[in-house]
Amino acid sequence: MCGRYAQSRNVHQLQLAFGLPEQALPEETDPRAWPPLEELDPDYNISPGRPVYAVLGPPPQGEDRGEPGPRSLHTLRWGLVPSWAKDRNIGYRMINARSETIADKPAFRTAFRRRRCLLPADAYYEWQLIGRDGTVQASTSPVTDPHHKKRKAKADKKPYSIHYPDDRPLALAGIFERWRDPEVAEDDPAAWVWSCAVVTTEAAPELAHIHERMPVVVPPEDWAAWLDPATGADELAHLLQDTPAERFEVDEVSTDVNSIKNNRPDLLEPLSDTGGDEPQTLF
């Protein structure tokens, strides 16, 4: 599960972090062929429906196929809107794509084969459930737990941020899609909605006490393979299982992050039971 994350780097910082050229594409690009690149403000509490940065590899394939180019940075809407959708609001139900079914599910399978991306993040947030009797429980997914809503409603939620300890950006595995809004004129750039979903998988043992699911995080050595549309099914299956969870640091953070109305840098600051400044770690 991934329902909230933080990303504060600007375009130049992300270009440096991901080895991107300063201008991989012409300033004026066809919105039907490529997603836009907009300057986004730092966002410490990104929620579904928000614009987010994404690193793309070669141009998307299809009727508007272009010559392969270098990796480049773009902005997408979080919440994938399939090309066949009648309403863009379906994206709010498609913020995550389960790795176990992504290759077969109609909403995701074509994007998984042809349109993969990396979603930079300072950290992602996850919530642990605290029962009324004080017992700690890992959060679950409604897909696997028929009592998910009932358990969630009866529990308090303790938030954590998961990130690299050395301030490197996480590269969340993503897929993206293009959707034509039938209510907007075709020559209007707003007619084309480019959207994305975060790929999730079963939580690694180091994180399973917080939530049973986690986003797939692609380590730098696998970025090129994940972004290459030519990467085969066997290698993709390996990449979906290669999240370097043992490298992550986990911090309990303020419950202020529970509300999307709060959006401040200090949402990422760890709480400390002792009042000290040392972050909590996995080990």
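Summarised in this report is the structure supplied together with it. Keep in mind the model is a prediction, meaning the values are calculated, not measured.

Let us look at the overall build of the chain. When you go through the chain residue by residue, the secondary structure sums to five helices and 13 strands. Among the 283 residues that make up the chain, the fraction classed as buried is 49%. Restricting to contacts in the chain with at least 6 residues of sequence separation, those with at least 24 account for 73%.

Attention shifts here to the nonpolar core. Phe18, Phe108, Leu118, Ile175, Val199 and Trp226 are the most contacted members of the largest nonpolar core, which has 36 residues in total. If you list the elements that add at least two residues to this core, you get helix H1 (11–17), strand S3 (51–56), helix H2 (109–114), strand S10 (170–180), strand S11 (192–202), helix H4 (223–227) and helix H5 (233–239). Apart from the residues within four sequence positions on either side, Phe108 is in contact with Leu80, Met94, Asn96, Ala97, Ile102, Ile175 and Ala197. Counting residues in each nonpolar core, the second largest holds 35 residues, with Ala54, Ala121, Leu172 and Val184 among its members.

Let us now look at unusual backbone geometry. Despite not being glycine, Asp167 shows a phi value in the positive range, around 70 degrees. Structurally, the position occupied by Asp167 is in the loop between strand S9 (156–163) and S10. The exposure class assigned to Asp167 is exposed, which follows from its relative accessible area of 60%.

The next point concerns the pairing of S9. Sheet topology note: the strand S7 (residues 123–130)/S9 ladder contains seven bridges and is antiparallel. Along S9, the bridge assignment pairs Tyr124 with Ile162. Across four bridges, S9 lies against strand S13 (residues 249–252) in antiparallel orientation. Among the inter-strand pairings, Ser161 is bridged to a residue of S13, identified as Asp251.

It is worth spelling out the environment of Asp145 at this point. Relative to the helices and strands, Asp145 is located in the loop between strand S8 (136–137) and helix H3 (148–153). Filtering out sequence-adjacent residues up to four positions away, Asp145 remains in contact with Thr140 and Arg151.

Further remarks concern the pattern of salt bridges. Inspection of the entire model under this criterion finds 10 salt bridges. As a salt-bridge pair, Arg88 and Asp181 come within 2.6 Å of each other at their nearest N and O atoms. Highlighted residues: Arg88 in the loop between strand S4 (72–78) and strand S5 (96–98) and Asp181 in the loop between S10 and S11, separated in sequence by 93 residues. You can call Arg88 partly exposed: its relative accessible area is 27%. Asp181 gets classed as buried once you look at its relative accessible area, which sits at 8%. For Arg247, the salt bridge is made with Glu221, and the minimal N-O distance between the two is 3.2 Å.

Our next topic: the side chain of Asn45. Tracing the backbone shows Asn45 in strand S2 (residues 43–46). A distance of 3.0 Å separates a polar side-chain atom of Asn45 from the backbone oxygen of Ser259. Apart from the residues within four sequence positions on either side, Asn45 is in contact with Arg4, Tyr5, Tyr125, Val257, Ser259, Ile260, Asn262, Asn263 and Leu267.

Below, the discussion takes up the packing of aromatic side chains. According to the stated counting rule, one finds six aromatic pairs in the structure shown. A ring pair is formed by Tyr5 and Trp78, whose centres lie 5.2 Å apart and whose planes are at 65 degrees; its orientation type is edge-to-face. Taken together, the positions of Tyr5 in strand S1 (residues 5–7) and Trp78 in strand S4 put the pair 73 residues apart, joining distant regions of the chain. Comparing Tyr5 with Trp78 shows no difference in burial state: the two are buried. Ring plane angle 70 degrees and centroid distance 5.6 Å describe the contact between Tyr164 and Phe248, whose orientation is recorded as edge-to-face. Of the two residues, Tyr164 is situated in the loop between S9 and S10 and Phe248 in the loop between H5 and S13; the sequence distance between them amounts to 84 residues. Each member of the pair, Tyr164 as well as Phe248, carries the same accessibility label: buried.

Analysis parameters
- Numbers given to residues run from 1 along each chain, matching the order in which its sequence is written.
- Selection of residues for local features in this predicted model requires a pLDDT of at least 70, selection of side-chain atom pairs for listing and counting requires 80 or more, and totals for whole chains, interfaces and linings are taken over all residues.
- No hydrogens and no water enter the side-chain calculation; it runs on all heavy atoms of the structure.
- Secondary structure elements are defined from DSSP: runs of H or I of at least 4 residues count as helices, runs of E of at least 2 residues count as strands, and each element is numbered from the N terminus.
- For every residue, the accessible area obtained with a 1.4 Å probe (protein chains only) is divided by the maximum for its type, and the residue is called buried under 20%, exposed over 50%, and partly exposed between those limits.
- Contact between two residues is taken to exist if any of their heavy atoms lie within 4.5 Å; hydrogens are not considered.
- Here, nonpolar core refers to any group of buried Ala, Val, Leu, Ile, Met, Phe, Trp, Tyr and Cys residues whose side-chain atoms link them within 4.5 Å.
- Whether two strands pair comes down to DSSP finding at least two bridges between them.
- For this document, the term salt bridge refers to a Lys or Arg side-chain nitrogen within 4 Å of an Asp or Glu carboxyl oxygen.
- The definition of a polar contact used here is a pair of N or O atoms within 3.5 Å, where within protein one atom must be able to donate a hydrogen and the other to accept one, and adjacent residues in sequence count solely through side-chain atom pairs.
- Classification of ring pairs uses Phe, Tyr and Trp, with its six-membered ring standing for Trp, and accepts pairs whose centres are within 6.5 Å; under 30 degrees between planes counts as stacked, over 60 as edge-to-face, and the remaining range as tilted.

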